[in-house]
Amino acid sequence: MDADTGSRVPFPRALLRNALKIAVPWMLGHAVVFELVQTSEAEASAVPGWLWVVTAGAYVLPAAYVVSLFVRR
């Protein structure tokens, strides 16, 4: 149910909500893990900077969703 109008949420909007809170962080987390394994096997160098950004994104998206549950518009 949509909190503003009391009507049902349209399917595309519900799909987008669930993709942002579950699918995207899940895929980002797996991408980071796979890249870290390849990096550690190939060479003993520092972790690339873009991996830190992707890791942060994997944590920020679900956190933003949880915060949005408690913050009004």
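Residues numbered from 1 in each chain as written. Predicted model: local features only at pLDDT ≥ 70, side-chain atom pairs only at ≥ 80, totals over all residues. Heavy atoms only, no water.

Give a detailed account of the overall build of the protein chain, specifying residues and quantitative values.
Looking only at helices and strands, the protein chain features two helices and zero strands. The burial tally for the protein chain puts 11% of its 73 residues in the buried class. Contacts in the protein chain between residues at least 24 apart in sequence constitute 43% of all its contacts with a sequence separation of at least 6. Summed over its atoms, the accessible surface of the protein chain is roughly 6,000 Å², and 70% of this surface lies on carbon and sulfur atoms. (Helix = DSSP H or I, 4+ residues; strand = E, 2+ residues; numbered from the N terminus. Buried < 20%, exposed > 50% of the residue type's maximum accessible area, 1.4 Å probe, protein only. Contact = heavy atoms within 4.5 Å. Areas by Shrake-Rupley, 256 points an atom, 1.4 Å probe, with all protein chains shown as cover.)

Outline a nonpolar patch on the surface, listing residues and values.
A contiguous nonpolar surface patch, about 520 Å² in accessible area, is contributed by V66, V67, L69, F70 and V71. By the secondary structure assignment, L69 is in helix α2 (residues 49-70). (Patch = residues over 30% accessible without salt bridge, like charges linked within 9 Å, V, L, I, M, F, W, Y side chains within 5 Å. Salt bridge = Lys/Arg side-chain N within 4 Å of Asp/Glu carboxyl O.)

Explain α2 to me, using residue names and the numbers behind them.
Along its 22 residues, α2 runs 32 Å from first to last C-alpha, staying within 8% of the 32 Å computed at 1.5 Å per residue. Turning to α2, its buried residues are L51, V54 and A58. (Expected span 1.5 Å × (residues − 1).)

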